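Here are the chains, one letter per residue:
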Amino acid sequence: MNNFKFSSKLRVVAIISSAIIFVGMLLGTVFHFTLGGFFNYGGEYSSYKTVTVTYYWIEVNGGEDGNALDLNGVCEKAFADAGVSYYVKTQESTDSSMRSVTEYRFLPSTDADALQKASEAINAEIDSYASFTDIPLSIATYSDEQAIIGGERVLSMAAVTLAVIVAIHFIYTAIRFGLSAMFTAFAADLHNLALYAAVLALCRVPITSSVLVFAVLAALATAVGTTLTFERLKRNFKDADNAKKSVGEIVDMSAAQTVKTNIALPAFFAICAALIFALMAISSLSPLSVLSGALCALVAFAVCGYGDVMFVPAIYPCLRKLSGKMAVKRPSAKKEKAD
Amino acid sequence: MGKVKSAIITALLVAAIVVLALFATISVPELPGSNGIDRYNSFITNINLGADLSGEASATLYPAGVISESDYRRAVYGNADKQQEYEEKYVRKNGFYIDKEKLGEDDGAAFAASVKADAEVLSDRFSEKEYSSYSVSVVNGYAIKITVPTGFTYAEYREYMTAGNSSKISDISHAVTYLMADGGLKLWSSQTYEDGKSLYFEKEENAFNGFFKGARAFKAGDVNALEIELTAAGVSVFNDAVSESDGYLYIGKTPMGLSFTSGQSVSDKLTFQVNGSFGVAKDYAIAIDSVAKGKMLVNAYNDSDESTSPVILTKTPAYGKYAAIYFGAFALAVILAAAFLPVIKYKKLGLVNAIMVAAYAVSLVTAIFLTGVELTVAGLFTALLPLAVMCFSNFFTFEGVRRETEVGRVYATAVKTGYKRTLFGILDLHVILILASVIMTLVGVGELAACGLIFLIGSIASYVLYWLTRFMWYVLSSNVSDKNAFCGFKREAEDDE
């Protein structure tokens, strides 16, 4: 049991949530128009600047004195000197001409002149290590890759999926727990999804298909969490021992009884997210590249936990009053009616 | 149920899980006495992995008149004549060497716009492939880069299966080659473009496209097929065109692998069997459908001597070369934690839960392997949600039984009542999850649909295993000598009868 009286904390919860949602959405909209689009599916993720280093057996043939060229070191130094830092580094396979390619990706906002300067510095190093055949083919080039956004279908289908899941949750809650629970479930779904989008916008996590999958998982986890809470509420309302307690007291009691489970599920996933991305960061060539994946998983489940533990108990009494109907007839009410 | 029967059932169940787990997880290099099989790859190493775990494959398309700096250097190196010819013909712009004629009077603005328009058409075509992730981007204004997941299994990624590896690359290469087909639909008299003549003559360019309503690929058993739908006018034109000569369908200069026999009667729906994978049939369908709907590429790509066909390069995943190993280790750690932590609290029942967690993991690995779903990091989280629901369902019921025992019910009655109380709650929670997963699978595209399928399998497994746990209560209860205390649950009242 805890002593938090969430049923009377609607104002606090509303202020926290709406502030985050407002600022997040505002920033997201600003980024949408200034930086190529938070709300464009994959816009920022797919567009980037690159420095691509193509080389042919350079470690084997490089160097007048027979020493291999430390290409990685050369590139790192060139980027550091130019004052730029990449967020993803990938290595491509050799093809039939024994070519290898290393690609460094930079954010679209990175200074093009600095990247050009860095690639020239890399080329100068490569040239100074020239051996007689391979060097003219080994080269660092700077490119600006502008994505053509083709994710409208993915985005619209994900939106439809989310809408249907929210609707199923809405109808199920209405049938099983009554009107006030139905409105609460709907509000919780909207609240959690809006908060998820807003926090991602604040953290500058670009929208990708993984972000959409985590949005759906957040909606499903919300459905599981609210069902547990409503199940407990229903039982407590029916319990004759609670007949004299106010709605707020019963809501607080139910919230306290389910808080462990409602925190445990999102916490389990949040810990999983943190762990897996910590491992990926060790494995990754550039730890920054795992950050957005880690954030979207963490945010999805953190938002769920917050929504289920704080938002639902806070808004339920209010919506119950508004709906004007008793979702579950309490023993005292039944008795009064019978009398 | 007697003790012996109970022990046999438990042993059989555990043995079945252990055997399946061995097939699912243990790869054996060089299998002696296996009639030529030099390596047995486990189910888990045969699961298709997404781009975040097995990397991406990319191809850069250069429109006619554009060559990369690397290709330029390679062509002119040590060849003074070629160098002079190239210096006269090309100008360096945006990191490429571009034909001066292509740049025109507007310094390449119109050319760049046409490349961008082509990239939009390509993006549209590649979206139909439903990759878990893909991107089409314009590189420095004058080239197009296509990036798709390799879809390698771990065995392919580590090159334990080079045949599978090259087959995936070949599928990607096929997709790039056919989806980048430029120009309109054409019917030629020969399989060889240079030797053929057009069987349809019309002054208006691309008029032949208008005779197609669309195309789709489908599977019928093991056969991959392509269905083309023609308009009424199209039927008549086709019948005329193939009345005296065999006909071969092309998009521009790219053959679509479909032929019409001379004198064949053509109807409005034509079905062709496609040699190759379903992906190959889909490539033809997407390309034909796209052109039929008026979306054509303006420029020819990789059509020059310097770059004849697009080179497919595979990249290490952004999460690192060994991301898949870390990913597997993490999944194993979660499964072990889910299996063994409850043992501390629920003792024997915790062990039953552990068996169910193992069964869940093994059945999910097997199902993902059999269905060929692409597994990504998000996919793993999707698989963990039903596992968590199963464990929580079990714990709720265990707690319910504990409560019943504590108020004085004997063991058998407590179990019965505990399950009865949670019956509908757990049933309808699973029904909701299954419904949601069906929606994800049917409505979602790419990674979302793949995750939907994983979630569907997981939700069904979760509910079935929940009831298997109930069955194990029954099996284990035969060994209970003290009906008033079991698995740490203890009656407070001595007798309630």
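When you look at the overall build of chain B in this model, what are you seeing that I'm missing?
Along chain B, the regular secondary structure elements total 14 helices and 17 strands. Taken over C-alpha atoms, the radius of gyration comes to 31 Å for chain B, far larger than the 23 Å a tight globule of 497 residues would show. The principal-axis extents of the C-alpha atoms in chain B amount to approximately 100 × 55 × 50 Å. Expressed as a percentage of its 497 residues, the buried residues of chain B come to 46%. Excluding contacts between residues fewer than 6 apart, the proportion of contacts in chain B whose partners are at least 24 apart in sequence is 70%.

Just checking my understanding: could you explain the interface of chain A and chain B for this structure?
Interface size is commonly expressed as the accessible surface area that is lost when the partners come together. Each partner contributes residues to the interface: chain A has 65 residues there, and chain B has 60 residues. Mapped by element, the contributors of at least two residues to the side of chain A that touches chain B are strand E2 (88–92), strand E4 (139–148), helix H6 (152–177), helix H8 (209–238), helix H9 (247–283) and helix H10 (291–323) of chain A. Counting residues per element, the side of chain A that touches chain B draws most heavily on H8(A), which supplies 13 residues. Across the side of chain A that touches chain B, the residue classes break down as 36 nonpolar, 22 polar and seven charged.

Would you explain the environment of A:Thr52 in this entry?
Residues and elements named next belong to chain A. Considering the arrangement of structural elements, one finds Thr52 in strand E1 (residues 48–56). The exposure class of Thr52 is buried, given the 23 C-beta atoms found within 10 Å. Counting along the chain gives 91 residues from Thr52 to Ser143, while the straight-line C-alpha distance between them is 7.7 Å. With near-sequence residues (within four places) excluded, Thr52 lies in contact with Val101, Glu103, Thr141 and Ser143.

How do you make sense of the environment of B:Glu399 when you look at a structure like this?
Residue and element names in this part refer to chain B. With respect to the secondary-structure elements, Glu399 resides in helix H12 (residues 377–406). Residue Glu399 is classed as partly exposed on the basis of its 14 C-beta neighbours within 10 Å. Along the backbone, Glu399 and Gly418 are 19 residues apart, and their C-alpha atoms lie at a distance of 8.1 Å.

Just to check I follow, could you spell out the sheet that holds strand E5 (residues 90–93) of chain B for this structure?
Residues and elements named next belong to chain B. Strand order across the open sheet formed by three strands is E4-E6-E5, with antiparallel pairing between neighbours. This sheet does not close on itself; its edge strands, each paired only once, are strand E4 (66–68) and E5. When strand polarity is set aside, the average angle formed by the axes of neighbouring strands in this sheet is 30 degrees. Note that E5 and strand E6 (residues 96–99) share four bridges and pair antiparallel. Opposite Val91, over in E6, you have Ile98 as the bridge partner.

In this structure, what is going on with unusual backbone geometry? I would like to understand it.
The phi angle of most residues is negative, glycine excepted, and most peptide bonds adopt the trans form. All names here are of chain B. Positive phi values are uncommon outside glycine, yet Asn94 reaches one of about 50 degrees. Looking at where Asn94 falls in the secondary structure, it is placed in the loop between E5 and E6. Located in the positive-phi region is Glu130, a residue other than glycine, with phi close to 55 degrees. Examined against the element boundaries, Glu130 turns out to sit in the loop between helix H6 (109–127) and strand E7 (135–139). Judged by the 16 C-beta atoms lying within 10 Å of it, Glu130 falls in the partly exposed class.

What is the right way to look at the pairing of strand E8 (residues 143–149) of chain B in this model?
Across a regular strand the side chains alternate sides, sitting on one face of the sheet and then on the other. Residue and element names in this part refer to chain B. In terms of burial, E8 is a largely internal element, seven of the seven residues being buried. Alternating residues of E8 divide into Ala143, Lys145, Thr147 and Pro149 and Ile144, Ile146 and Val148, and every residue in both groups is buried. With five bridges connecting them, E7 and E8 associate as antiparallel partners. The residue bridging Val139 from the neighbouring strand is Ala143, located in E8. The hairpin turn running from E7 into E8, its antiparallel successor, is three residues long, and Asn140 in that turn takes a positive phi close to 50 degrees.

I would appreciate a short explanation of the domain arrangement of chain B in the present structure.
All names here are of chain B. Domain parsing of chain B yields domain 1 (3–32 + 319–488), domain 2 (56–180 + 297–315) and domain 3 (181–296). Relative placement of domain 1 and domain 2: their C-alpha centres are 48 Å apart. Contacts between domain 1 and domain 2 engage seven residues on the former and eight residues on the latter. Partitioning the side of domain 1 that touches domain 2 into residue classes produces three nonpolar, two polar and two charged.

Can you help me understand the confidence of the model for chain A in this one?
Low-pLDDT stretches of the model should not have their predicted coordinates read in fine detail. Summary statistics for chain A give a mean pLDDT of 77 and a share of 77% for residues scoring 70 or more. Confidence scores differ between elements of chain A, with helix H3 (residues 58–61) of chain A showing the lowest mean pLDDT of 46 and helix H7 (residues 179–203) of chain A the highest of 89.

Please explain helix H4 (residues 71–82) of chain A as it appears in this structure.
One turn of the α-helix equals 3.6 residues, which is why residues spaced by three or four share an orientation. All names here are of chain A. Spanning 12 residues, H4 covers 16 Å between terminal C-alpha atoms, matching the ideal 16 Å at 1.5 Å per step. Among the residues making up H4, those that are buried are Leu71, Val74, Cys75, Ala78, Phe79 and Ala82. Take H4 and look down its axis: the buried residues cluster within an arc of 125 degrees, on one side only. More than 90 degrees from the buried face of H4, the exposed residues found are Gly73, Ala80 and Asp81. At the C-terminal side of H4, Gly83 shows a positive phi close to 75 degrees.

I would appreciate a short explanation of the sheet that holds strand E12 (residues 247–251) of chain B in the present structure.
Each strand in a sheet pairs with its neighbour through backbone hydrogen bonds, running either in the same direction (parallel) or in the opposite one (antiparallel). Residue and element names in this part refer to chain B. Ordered by their spatial adjacency, three strands build an open sheet running E9-E12-E13, and the pairing between neighbours is antiparallel. Lying at the two open borders of the sheet, with one neighbouring strand each, are strand E9 (185–188) and strand E13 (254–260). Ignoring strand direction, the axes of neighbouring strands in this sheet form an average angle of 25 degrees. Note: E9 against E12, four bridges, orientation antiparallel. The residue of E12 that forms the bridge with Leu185 is Ile251. In this fold helix H10 (residues 278–292) packs onto E9, E12 and E13, with an angle of close to 95 degrees to the strand it touches most, E13.

Just checking my understanding: could you explain the nonpolar core for this structure?
Grouped burial of nonpolar side chains is what soluble globular proteins tend to show. Grouped together as the largest cluster of nonpolar side chains are 149 residues, with contacts concentrated most on A:Tyr196, A:Ala215, A:Val216, A:Ala218, A:Leu220 and A:Ala300. Take this core: its biggest share by element is 21 residues, from helix H11 (residues 323–371) of chain B. Counting residues domain by domain, this core receives three or more from each of domain 1 (3–32 + 319–488) and domain 2 (56–180 + 297–315) of chain B. With residues near it in sequence (within four places) discarded, A:Ala300 still touches A:Tyr196, A:Phe214, A:Ala215, A:Leu217 and A:Ala218.

How should the packing of helix H3 (residues 69–76) of chain B against helix H4 (residues 80–89) of chain B be read in this particular structure?
A pair of packed helices is characterised by two quantities: the angle between their axes and the separation of those axes. Residues and elements named next belong to chain B. Running from amino to carboxyl end, H3 crosses H4 at an angle of 140 degrees, the nearest separation of the two axes being 8 Å. On the basis of the axis angle, H3 is oblique to H4. Between H3 and H4, the contacting residues are Tyr72, Ala75 and Val76 on the first element and Lys82, Gln83 and Tyr86 on the second. Its residues assigned to classes, the contact of H3 with H4 comprises four nonpolar, one polar and one charged.

Before we go on, may I ask you to explain the packing of H8(A) against helix H14 (residues 447–477) of chain B in this structure?
With their axes 9 Å apart at the nearest point, H8(A) and H14(B) run at an angle of 40 degrees to one another. With respect to each other, H8(A) and H14(B) are oriented oblique. The handedness of the crossing between H8(A) and H14(B) is right-handed. Across from A:Ser209, A:Ser210, A:Leu212, A:Val213 and A:Val216 in H8(A), the residues of H14(B) making contact are B:Glu447, B:Leu448 and B:Cys451.

Reading the values: the criteria
Residues numbered from 1 in each chain as written. Chains lettered and ligands numbered in written order. Predicted model: local features only at pLDDT ≥ 70, side-chain atom pairs only at ≥ 80, totals over all residues. Helix = DSSP H or I, 4+ residues; strand = E, 2+ residues; numbered from the N terminus. Rg over C-alpha atoms; globule rule 2.2 N^0.38 Å. Buried ≥ 20, exposed ≤ 12 C-beta atoms within 10 Å, placed from the backbone. Contact = placed C-beta atoms within 7 Å. Nonpolar A, V, L, I, M, F, W, Y, C, P; charged D, E, K, R; others polar. Pairing = 2+ DSSP bridges. Axes fitted to C-alpha atoms, helices over the stretch in contact; angles between N-to-C directions. Domains from an automatic or database assignment. pLDDT = per-residue confidence, 0-100. Expected span 1.5 Å × (residues − 1). Arc of directions from axis to C-beta. Core = buried A, V, L, I, M, F, W, Y, C linked by C-beta atoms within 7 Å. Parallel < 35°, antiparallel > 145°, perpendicular 65-115°, else oblique. Left-handed = near helix turned anticlockwise from the far one by under 90°.

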